[in-house]
Amino acid sequence: MDKSWMHCSKMAKEYEDGVEKFMRFTIANVKGNSVIRCSCTKCMNLSFRTHKVVREHLYFHGFDVSYTTWS
Ligand SMILES: [Zn+2]
């Protein structure tokens, strides 16, 4: 999967598309769990948040670029 969008400006359309792609990917893979690990620069995959909050964090804080393996 193309992850180059992670390095784009948060204002860029590519970033927005990437976040939406990431959210669809995680929602499809969590199989009904209401919370997922947040991959923003503040939570750094350590905190569990709802999809809605994760999306907000990715827009406001940015994506933790060290997190390149989606699982
Ligand atoms: Zn977060």
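Keep in mind it's a predicted model, so treat the numbers as computed, not measured.

How should I be thinking about the coordination of the zinc ion in this particular structure?
Expected angles at a metal are 109.5 degrees for tetrahedral coordination by four donors and either 90 or 180 degrees for octahedral coordination by six donors. Within the first shell, the zinc ion binds the protein through Cys 38 (SG), Cys 40 (SG), Cys 43 (SG) and His 57 (ND1), at distances of 2.0 to 2.3 Å. With four donor atoms in place around the zinc ion and angles of 102 to 114° between them, the coordination shape is tetrahedral. In the primary sequence, the donor residues of the zinc ion line up as C-x1-C-x2-C-x13-H. Accessibility assignment for this pair places Cys 38 and Cys 43 in one class, buried.

Sorry, what's going on with the nonpolar core here?
Most often, soluble globular proteins keep nonpolar side chains buried together rather than apart. If you look at the biggest cluster of nonpolar residues, it comprises 14 residues, and the most contacted ones within it are Trp 5, Met 23, Leu 58 and Phe 63. Counting only elements with at least two residues in this core, the list comes to α1 (13-30) and α2 (51-60). Per element, the largest residue contribution to this core is five residues, and it comes from α1.

The rules we used
- Residues numbered from 1 in each chain as written.
- Predicted model: local features only at pLDDT ≥ 70, side-chain atom pairs only at ≥ 80, totals over all residues.
- Heavy atoms only, no water.
- Donors = N, O, S within 2.8 Å, 3.2 Å for Na, K, Ca; no water.
- Tetrahedral: all angles 85-135°; square planar, octahedral: opposite > 155°, others 65-115°.
- Buried < 20%, exposed > 50% of the residue type's maximum accessible area, 1.4 Å probe, protein only.
- Core = buried A, V, L, I, M, F, W, Y, C linked by side-chain atoms within 4.5 Å.
- Helix = DSSP H or I, 4+ residues; strand = E, 2+ residues; numbered from the N terminus.

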